[in-house]
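# Analysis of the macromolecular model
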2 protein chains.
Amino acid sequence: MVSVAEDRIFKALADPSRRAIFESLTRGEAAVKDLTARFDISQPAVSQHLTTLKDAGLVKDRREGRCAYYRVEPRGIKPLIDWIAHHRVFWAEHLGRLEQLLEKMDP
Amino acid sequence: MVSVAEDRIFKALADPSRRAIFESLTRGEAAVKDLTARFDISQPAVSQHLTTLKDAGLVKDRREGRCAYYRVEPRGIKPLIDWIAHHRVFWAEHLGRLEQLLEKMDP
DNA sequence: CCTAAATATAAGTGAACACTTATTGATTAT
DNA sequence: ATAATCAATAAGTGTTCACTTATATTTAGG
């Protein structure tokens, strides 16, 4: 009855530091060292958060020499969208807003 | 830089029991005793979860005599939708899917 | 009234979690 | 070779968290 993917995603995004890292990655691929420089937590902490995000399917990594580059995996957010969509009651109330959002988007 | 509402919502939905309770409420208002009967956790646990959901703005309560009825607050999901919408990269990839979802919805 | 029902709150407990420092492994540069 | 850089893992720690049982509070019913 409980979706594992769903659970991992919600848990992954529940932490503010992890959300900040994820949001940072939406602005472009970044190496661990870049993220470590950006945030006020240790390098291992960053790596641990990235592993959690990766296990949740929200990011992917790519190794190049000594550096590990992480980027957002856009399809990873699917379970979250599906979860919201499943509860039509919300959408019904927010349909207007949603359409508005869609219009504002680039093609 | 960190939205409190956002944080409360993600944290509230990170727990499977709490998500199950919330999902149950999307099918209609329910009293604490009903939810306690539905799930395999103690009544205090249910009350605590409901308080968390309430603090996150996801549900509202209504007292009638001895019973406390809880219902979903549809506008409560707004910060979550806003968060997703804010990261257009995701939406761009899933625009097709989204439009599909919107079409399937009742007017 | 007095009891039962419904809920919330208090207090305690074990597990999960978000960090830390130390270390290891691997790659690049001198 | 050797040293430096980058990242992951190990291990430890304090806090948060999701439960539990026990208790208090309010309301309904015999």
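The paragraphs below set out a description of the structure included in this document. Worth saying up front: this structure is predicted, and the values here are computed from it rather than measured. (Residues numbered from 1 in each chain as written. Chains lettered and ligands numbered in written order. Predicted model: local features only at pLDDT ≥ 70, side-chain atom pairs only at ≥ 80, totals over all residues. Heavy atoms only, no water.)

## Focus: the overall build of chain A
- When helices and strands are tallied, chain A shows six helices and three strands.
- Taken from N to C terminus, the helices and strands of chain A fall in the order α-α-β-α-α-β-β-α-α.
- Burial statistics for chain A: of 107 residues in total, 45% are counted as buried.
- Long-range contacts, defined here as pairs at least 24 residues apart, represent 49% of the contacts in chain A between residues at least 6 apart.
- When the accessible surface of chain A is totalled, it reaches about 5,900 Å², and 48% of it is carbon and sulfur. (Helix = DSSP H or I, 4+ residues; strand = E, 2+ residues; numbered from the N terminus. Buried < 20%, exposed > 50% of the residue type's maximum accessible area, 1.4 Å probe, protein only. Contact = heavy atoms within 4.5 Å. Areas by Shrake-Rupley, 256 points an atom, 1.4 Å probe, with all protein chains shown as cover.)

## Description of the protein's contact with DNA strand D
- Lining the immediate environment of DNA strand D, one finds 24 residues, of which K33, S47 and Y70 of chain A together with S42 and H49 of chain B sit closest.
- For DNA strand D, the fraction of protein-proximal atoms (within 4 Å) that sit in sugar or phosphate groups is 65%.
- In the model, a base oxygen of DNA strand D is placed 3.3 Å from a nitrogen or oxygen of the R66 of chain A side chain.
- Between DNA strand D and S17 of chain B, the relevant distance is 3.5 Å, taken from a phosphate oxygen to a side-chain nitrogen or oxygen of the residue.
- Secondary structure elements with two or more residues in the surface near DNA strand D: α3 (32-38), α4 (43-55) and β3 (67-72) of chain A together with α2 (16-26) and α4 (43-55) of chain B.
- Of the residues in the surface near DNA strand D, the class split is nine nonpolar, eight polar and seven charged. (Near = heavy atom within 4 Å. Polar contact = N/O pair within 3.5 Å; in protein donor to acceptor, adjacent residues only side chain to side chain. Nonpolar A, V, L, I, M, F, W, Y, C, P; charged D, E, K, R; others polar.)

## Looking at the protein's contact with DNA strand C
- Around DNA strand C, 24 residues are found, and the nearest of them are S42 and H49 of chain A together with K33, S47 and Y70 of chain B.
- In DNA strand C, atoms within 4 Å of the protein come from the sugar-phosphate backbone in 64% of cases.
- Residue Q48 of chain A places a side-chain N or O atom 3.1 Å away from a base oxygen belonging to DNA strand C.
- Residue Y70 of chain B places a side-chain N or O atom 2.7 Å away from a phosphate oxygen belonging to DNA strand C.
- In terms of residue class, the surface near DNA strand C is built from nine nonpolar, eight polar and seven charged.

## Some details on the sheet that holds strand β1 (residues 30-31) of chain B
Residues and elements named next belong to chain B.
- Taken together, the three strands give an open sheet; going across it, the order is β1-β3-β2, and neighbouring strands pair in antiparallel fashion. The open sheet is flanked by β1 and β2 (59-64), the only strands paired with a single partner.
- Of the strand pairs in this sheet, β2 and strand β3 (residues 67-72) are connected by six bridges, and their pairing is antiparallel. For R62, the partnering residue across the bridge sits in β3 and is Y69.
- α2 contacts β1, β2 and β3 of the sheet and is inclined by roughly 85° relative to β3. (Pairing = 2+ DSSP bridges. Axes fitted to C-alpha atoms, helices over the stretch in contact; angles between N-to-C directions.)

## Regarding the pairing of β3 of chain B
- Residue alternation in β3 of chain B divides its side chains into a buried set, A68, Y70 and V72 of chain B, and an unburied set, C67, Y69 and R71 of chain B.
- Hairpin geometry of β2 of chain B and β3 of chain B is characterised by an intervening segment of two residues between the two adjacent antiparallel strands and by a positive phi of about 65° at G65 of chain B.

## Looking at the pattern of salt bridges
- Scanning all chains against the criterion turns up 14 salt bridges over all chains.
- For the salt bridge of R19 of chain B with E6 of chain A, the shortest nitrogen-to-oxygen distance reads 3.6 Å. Linking R19 of chain B in helix α2 with E6 of chain A in helix α1 (residues 4-14), this pair reaches from one chain into another.
- For R19 of chain B, a relative accessible area of 2% translates into the label buried.
- E6 of chain A gets classed as buried once you look at its relative accessible area, which sits at 17%. (Salt bridge = Lys/Arg side-chain N within 4 Å of Asp/Glu carboxyl O.)

## Quick notes on the side chain of R19 of chain A
- At 2.9 Å, the side chain of R19 of chain A forms a polar contact with the side chain of D7 of chain B.
- When sequence neighbours within four positions are dropped, the list of residues in contact with R19 of chain A reads L13 and A14 of chain A together with V2, S3, E6, D7, F10 and W83 of chain B.

## So, the pairing of β3 of chain A
- Pairing geometry for strand β1 (residues 30-31) of chain A and β3 of chain A, over two bridges, is antiparallel. Residue pairing across strands places A31 of chain A opposite Y69 of chain A, the latter belonging to β3 of chain A.

## Observations concerning the packing of α1 of chain A against α2 of chain B
- One can describe the packing of α1 of chain A onto α2 of chain B by two numbers: an axis separation of 11 Å at closest approach and a directional angle of 110°. By the angle class used here, α1 of chain A and α2 of chain B are roughly perpendicular. Across from E6, D7, F10 and K11 of chain A in α1 of chain A, the residues of α2 of chain B making contact are P16, R19 and E23 of chain B.
- Grouping the constituent residues of the contact of α1 of chain A with α2 of chain B by class yields two nonpolar, no polar and five charged. (Parallel < 35°, antiparallel > 145°, perpendicular 65-115°, else oblique.)

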